[in-house]
Each structure stands twice: as C-alpha cells, then as structure tokens.
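A structural walkthrough
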Amino acid sequence: MRTITEKATDVRRMKRAPTHPGEMLLEEFLRPLNLPQAEAARRMGVSANRLNEIVRGRRGVTAATAIRLAELLGTSPEFWLNLQTTWDLWQAYRSDRSNRAA
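To keep things clear, this report deals only with the structure shown in the data block.

Analysis parameters
Residues numbered from 1 in each chain as written. Predicted model: local features only at pLDDT ≥ 70, side-chain atom pairs only at ≥ 80, totals over all residues. Heavy atoms only, no water. Helix = DSSP H or I, 4+ residues; strand = E, 2+ residues; numbered from the N terminus. Expected span 1.5 Å × (residues − 1). Salt bridge = Lys/Arg side-chain N within 4 Å of Asp/Glu carboxyl O. Buried < 20%, exposed > 50% of the residue type's maximum accessible area, 1.4 Å probe, protein only. Phe/Tyr/Trp six-rings, centres within 6.5 Å; stacked < 30°, edge-to-face > 60°. Contact = heavy atoms within 4.5 Å. Axes fitted to C-alpha atoms, helices over the stretch in contact; angles between N-to-C directions. Parallel < 35°, antiparallel > 145°, perpendicular 65-115°, else oblique. Nonpolar A, V, L, I, M, F, W, Y, C, P; charged D, E, K, R; others polar.

Some words on helix α1 (residues 21-33)
When the terminal C-alpha atoms of α1 are compared, their 17 Å separation across 13 residues agrees well with the 18 Å that a helix rising 1.5 Å per residue should span. Once α1 ends, the next one or two residues include N34, with phi positive near 55 degrees.

Okay, here's the thing in structure tokens:
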C-alpha cells in the first residue's frame, strides 16, 4: 500500500519524456474521431492556432482548456491536467539536473 506522499508514477525515475497532452489529443482523440483541429477548436470556442500549439507541444493545457477538452471529448478535466502536470514535472526535473551538472 502506498503512503499519501508516494506517487503512482515517480516522474524523477522516468527514462523518457511522458506523453504531452497535445500528442494524446491528436493521436488518441482527434485522428480516431476524424475531427480536424479547426473544427475541434471551433467547438471548444478557442482559436485554431491555440489548439494547434497544444497539439505541437508548444503550449500547455490550462484548467480552462482542460474543461473545454473534457466537454468536447467526454473525458474529465483531471485527465488533461494530470497529463500536463506530469509533463511539466518531468521537464522541471530534467532542467534542474542539467543546471546542476553545469
């Protein structure tokens, strides 16, 4: 049994980058649903550029975007925020290790 401070996935020990929420969005949702980014963005009420930046990994998923994605795709906002948090933590640990080595 895990304690309250243990994580199911310890990002510090991950060998490769976790999946960015944009990659998950594209590969597991938009493509299988045959839903173009522009149409998804329109339905979400965001710009196509904003959604494309998420898909390309150049922008993160905010809480507001997570809600919109959840409503569009029938998921939970927590799903998207957990993906984003895991990504952000992995990037931060990686950056911190690089800074210590320099």
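Things to note about the pattern of salt bridges
Enumeration over the complete set of coordinates arrives at four salt bridges. The shortest N-O distance in the salt bridge between E39 and R43 comes to 2.9 Å. Of the two residues, E39 and R43 both sit in helix α2 (residues 37-44), four residues apart, roughly one turn of that helix. You can call E39 partly exposed: its relative accessible area is 24%. Salt bridges here are not isolated pairs; linked through shared partners, they connect E39, R42 and R43.

Quick word on the packing of aromatic side chains
A complete count under the given rule lists three aromatic pairs for this structure. Relative to W80, the ring of F79 has its centre 4.9 Å away and its plane inclined at 85 degrees; by these criteria the two rings are edge-to-face. F79 sits in the partly exposed class, given a relative accessible area of 31%. When its relative accessible area of 0% is taken as the criterion, W80 is described as buried.

Let's talk about the environment of L69
Relative to the helices and strands, L69 is located in helix α4 (residues 63-73). Its relative accessible area of 1% is what places L69 among the buried residues. In this view, L69 contacts L25, M44, V61, G74, T75 and W80; residues no more than four positions away in its chain are not counted.

Some thoughts on the packing of α1 against helix α3 (residues 48-55)
In a packed pair of helices, the relevant descriptors are the angle between the two axes and the axis-to-axis distance. Following both chains from N to C, one finds α1 and α3 inclined at 100 degrees, their axes separated by 6 Å at the closest point. Viewed along their axes, α1 and α3 adopt a mutual orientation that is roughly perpendicular. Taken together, the residues of α3 that come into contact with α1 (itself represented by G22, E23, L25, L26 and L30) are L51, I54 and V55. For the contact of α1 with α3, the residue count by class is six nonpolar, one polar and one charged.

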